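What follows is each chain in one-letter form.
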Amino acid sequence: MRKMKHLSSIANDVVQRCSQELETTIDDLVKEFECQWKPGSTGGTYSKKFVEFCNSKVTSRVCENILERIKDGSFTRLTFDMMLAWQQPDADDNESYKEAVGKESEDKRIQATLSPEQDDISLFYSDMMPLLVDHEPSVGEDAFVYLGSIIPLPVDIINGRYTFETLTAPTGHQLHFPAYDMFVKEIHKCMKHLQKQSTPKGIELADDEIILHVEGTMASQRVIRHIKETSWPGRLTLTNYALYFEAAGIINYEDAIKIDLSKDNEKSTKPMSTGPLGAPLFDKAIVYESPDFEEGIVIEFPEMTSSTRRDHWLMLVKEITLMHKFLRKFNVESPLQSWEIHSRTILGIIRLHAAREMLRISPPDPKNFLIFSLFEEVPKGDYVLEELAEISLKIGTTRNPCSASSILRNMNMDQLGDMIKEEGEDTCKEKVTKVTDKEEMLASLESAVNQSREEGKVIEKAKATTAELEEEGISESVAVLMELLRPLQDVLPWFQEVIYWERPSRTLFVLAITILTVYKEWVGKAIAACLIWVVAKMAQARNKMVHTKSEDAVTVSTESDQTVTESIVSAQYGLIRLHQLMQHVNVTILKLRSIYTSKASKHASMVMASMLVLASFFAVVPFKLFIIFGIVYCFVMTSSVGTYMSNDQSNRRMKEWWDSIPIVPVRVRNASSK
């Protein structure tokens, strides 16, 4: 067996197996590779590019009989070694990897760093560790994502990094062969389970419609539909087009109700709380609202403690809805291209099922396995979806046996077999995208994903700084707010001095500048000057922090001399004042409505006459003169001259006029009296 000196031991082994699979020699592979190899090209060394070339050649053979290879275990062994060879292609990697393995073994003695959400499952993973970890070399994140670019069964290149983080969180973010082998086998089991599911009663599924999830059967947990005050158990089925509910009868299920998720209408699926007599006690249901259903469809997923099942179903429904929205938005009209998107979504849902079966004690976050739900939420996810749309429209998938749709067909997902075969014959004239163009598009997609992840990390760090503040009580929040408003409280005395003529020279200066700015129409320039002043103050604050090397922090004192009883009484009086304020607002709005509808005809006539006079003035007199008059009036009324000119009698007449306005009647009707 020939060995290439510049390749690592694992890379030599993979190249040898590739030559055996392709029934050719290593020399022939080298000649074919060097015909297209450009020495100055970026993206990796000669060894790495040669390993990629051999892997891409052999994947076509692997995908053609992928089902048999998964059953005999050769698929996981070969693909795992392909990832290792891509990760360590050069001969120099042998020594460096021995050092890395030694360091990893040492690190295993220390508990893997887990996020706060995963602290409660460390005991579970310590029991599972022998099944997930061995002493063989492990695969890193980049190699795992690389596999998704050539065989999108265990991972998709789009969300592969998020999937890797979820699967390897307890093992120090290194994927070992036992865990990888278990994950692929669970994917196969989930596919076989879905193939055994029966079609909803009274429904004929479309040729391209696949069952993705079922609950409510004898072998699964209960599902209940609520119709007003009655509840009906039944079976709930999700496909890549719709949601079906079959109410349980005495012997068989009744005809299914179809909830179409592919239509572009005003539909929504939201979480909902249910309970006896309509009381919202149990937060374990979803409600589907659409013009097709007047009262909406409420479906509950009963369980003892959490609402994990409900959240899981909600995320799956959201994924299917977003997938169809994506197809409409980017006008993916070709059936083959559309089905490639469908297939990637279906495989993502199957991977989620496999991960949940693999990690039952602590189910993973569904979002990390679902493409559209993930990039709907992460920052700049819309850029990633735009790249995905561009790839779907430009890269032909008809001739690729390792596309997502081809893998589904080869895995005996019967619903897709005939359809894909027929479409493949009809579209055989499609152009085949060059390898270099495909690599450039995948690199662009990878760049968009990495940018989105970096933005997400920055946002997560920023959100972590607000967690402590959000957990504080009302009194602490009020104290923080008052401390933050302190600069405004310091500025308030200055405004009072200006407005109330405590320093006449300063008041006259401000009045003259204001009138001149309005008259000359320099408002835009005044705003620009204010913005420049704010920028200067910000730069001054930055320099101060750099020189003093101190961190900006808000210090708040929450000490209070009040006892618990006094605090309760003060809170009660606060609520009373809030209630009174709401009553005053309601009365004011009702009085204005009474004037508008002429219930108080005398008052309405006076208001209309006044508005006509004002309209005539606004039509003739420049608006800036009104502003100048208003400013002068405000300053004059706060001066000694204004105090002398003020007329309490006119204010009293105005109050009496306002109090004499009757309000529009208000009738409070209970929901039960409808």
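Since we're looking at a predicted model, the values are computed, not measured. (Residues numbered from 1 in each chain as written. Predicted model: local features only at pLDDT ≥ 70, side-chain atom pairs only at ≥ 80, totals over all residues. Heavy atoms only, no water.)

1. Structural notes on the overall build of the chain
Reasoning step 1: When helices and strands are tallied, the chain shows 26 helices and eight strands.
Reasoning step 2: For the chain, the residues scored as buried account for 39% of the 674 residues in total.
Reasoning step 3: By sequence separation, contacts in the chain at least 24 residues apart represent 67% of the contacts at least 6 residues apart. (Helix = DSSP H or I, 4+ residues; strand = E, 2+ residues; numbered from the N terminus. Buried < 20%, exposed > 50% of the residue type's maximum accessible area, 1.4 Å probe, protein only. Contact = heavy atoms within 4.5 Å.)

2. With respect to the packing of helix 20 (residues 504–519) against helix 24 (residues 623–637)
Reasoning step 1: It is the contact of helix 20 with helix 24, at a shortest axis distance of 9 Å, that shows an interaxial angle of 170 degrees. By the angle class used here, helix 20 and helix 24 are roughly antiparallel. Residues Thr 507, Leu 511, Thr 514, Ile 515, Val 518 and Tyr 519 of helix 20 touch helix 24, and the partners they reach there are Lys 624, Ile 627, Ile 628, Ile 631, Val 632 and Phe 635.
Reasoning step 2: Grouping the amino acids of the contact of helix 20 with helix 24 by side-chain chemistry returns nine nonpolar, two polar and one charged. (Axes fitted to C-alpha atoms, helices over the stretch in contact; angles between N-to-C directions. Parallel < 35°, antiparallel > 145°, perpendicular 65-115°, else oblique. Nonpolar A, V, L, I, M, F, W, Y, C, P; charged D, E, K, R; others polar.)

3. Some points on the environment of Ser 601
Reasoning step 1: Examined against the element boundaries, Ser 601 turns out to sit in helix 23 (residues 601–620).
Reasoning step 2: Placed 60 residues apart in sequence, Ser 601 and Ile 661 show a C-alpha to C-alpha distance of 9.6 Å.

4. Notes on the environment of Asn 450
Reasoning step 1: You can see Asn 450 is positioned in helix 17 (residues 435–470).
Reasoning step 2: In this structure Asn 450 comes out as partly exposed when scored by relative accessible area, which is 29%.
Reasoning step 3: Separated by 66 residues in the primary sequence, Asn 450 and Val 384 have C-alpha atoms spaced 9.5 Å apart.

5. Notes on helix 3 (residues 46–64)
Reasoning step 1: In this model, helix 3 (19 residues) spans 28 Å end to end at C-alpha, consistent with the 27 Å of a helix rising 1.5 Å per residue.
Reasoning step 2: Along helix 3, the residues that are buried comprise Ser 47, Lys 49, Phe 50, Val 51, Glu 52, Phe 53, Cys 54, Asn 55, Val 58, Thr 59, Val 62 and Cys 63. (Expected span 1.5 Å × (residues − 1).)

6. Structural notes on the packing of aromatic side chains
Reasoning step 1: Applying the stated rule across the entire model yields 16 aromatic pairs.
Reasoning step 2: Relative to Tyr 146, the ring of Trp 86 lies with its centre 4.8 Å away and its plane at 10 degrees, an arrangement referred to as stacked. Of this pair, Trp 86 sits in helix 5 (residues 74–87) while Tyr 146 sits in helix 8 (residues 141–150), placing them 60 residues apart in sequence.
Reasoning step 3: Ring geometry for Phe 144 versus Phe 164: centroids 5.5 Å apart, planes at 45 degrees, classification tilted. Residue Phe 144 is found in helix 8, and its partner Phe 164 is found in helix 9 (residues 160–168); the two are separated by 20 residues along the sequence. Across this residue pair, the class does not change: Phe 144 and Phe 164 are buried.
Reasoning step 4: The ring of Tyr 162 carries the charged tip of Arg 453 above its face, separated from the ring centre by 5.8 Å. (Phe/Tyr/Trp six-rings, centres within 6.5 Å; stacked < 30°, edge-to-face > 60°. Lys NZ or Arg CZ within 6 Å of the ring centre and 35° of its normal.)

7. Regarding the UniProt feature "transmembrane region" (unreviewed entry) in the chain
Reasoning step 1: Those places that UniProt annotates as "transmembrane region" (unreviewed entry) correspond, in this numbering, to residues 508–535, 603–620 and 626–645.
Reasoning step 2: Annotated as residues 508–535, this span is 89% helix and 0% strand, and its ends, taken at the C-alpha atoms, are 28 Å apart.
Reasoning step 3: Strand forms 0% of residues 603–620 and helix 100%; the C-alpha atoms that close the span are 26 Å apart. (UniProt positions renumbered as here; feature names shortened; annotations may be inferred.)

8. Quick notes on a nonpolar patch on the surface
Reasoning step 1: On the surface, Val 491, Leu 492, Trp 494, Phe 495, Ile 499 and Tyr 500 cluster together into a nonpolar patch covering about 580 Å² of accessible area.
Reasoning step 2: By the element assignment, Trp 494 lies in helix 19 (residues 486–499).
Reasoning step 3: On the basis of relative accessibility, which here comes to 38%, the residue Trp 494 falls in the partly exposed class. (Patch = residues over 30% accessible without salt bridge, like charges linked within 9 Å, V, L, I, M, F, W, Y side chains within 5 Å. Areas by Shrake-Rupley, 256 points an atom, 1.4 Å probe, with all protein chains shown as cover. Salt bridge = Lys/Arg side-chain N within 4 Å of Asp/Glu carboxyl O.)

9. Description of the nonpolar core
Reasoning step 1: Grouped together as the largest cluster of nonpolar side chains are 90 residues, with contacts concentrated most on Phe 50, Phe 75 and Leu 153.
Reasoning step 2: What Phe 75 contacts, discounting residues up to four positions off in sequence, is Val 62, Ile 66, Arg 69, Ile 70, Ile 151, Leu 153, Tyr 180 and Val 184.
Reasoning step 3: Counting 25 residues, the second largest nonpolar core, distinct from the first, contains Val 145, Met 441, Leu 445 and Val 449. (Core = buried A, V, L, I, M, F, W, Y, C linked by side-chain atoms within 4.5 Å.)

10. Details of the pattern of salt bridges
Side-chain pairing between opposite charges can occur once the charged atoms of the two side chains come close.
Reasoning step 1: In this structure the tally under the stated criterion is 28 salt bridges.
Reasoning step 2: We note a salt bridge from Glu 289 to Lys 270, for which the minimum N-O separation is 3.4 Å. Of this pair, Glu 289 sits in strand 7 (residues 282–290) while Lys 270 sits in strand 6 (residues 268–274), and the two are 19 residues apart along the sequence.
Reasoning step 3: Lys 270 gets classed as partly exposed once you look at its relative accessible area, which sits at 39%.
Reasoning step 4: Between Asp 311 and Arg 310 there is a salt bridge, and its shortest N-O distance comes to 2.9 Å.
Reasoning step 5: On the basis of relative accessible area, Arg 310 is assigned to the buried category, the value being 4%.
Reasoning step 6: The structure contains a network of salt bridges with shared partners spanning Glu 141, Asp 142, Arg 161, Glu 165, Glu 446 and Arg 453.

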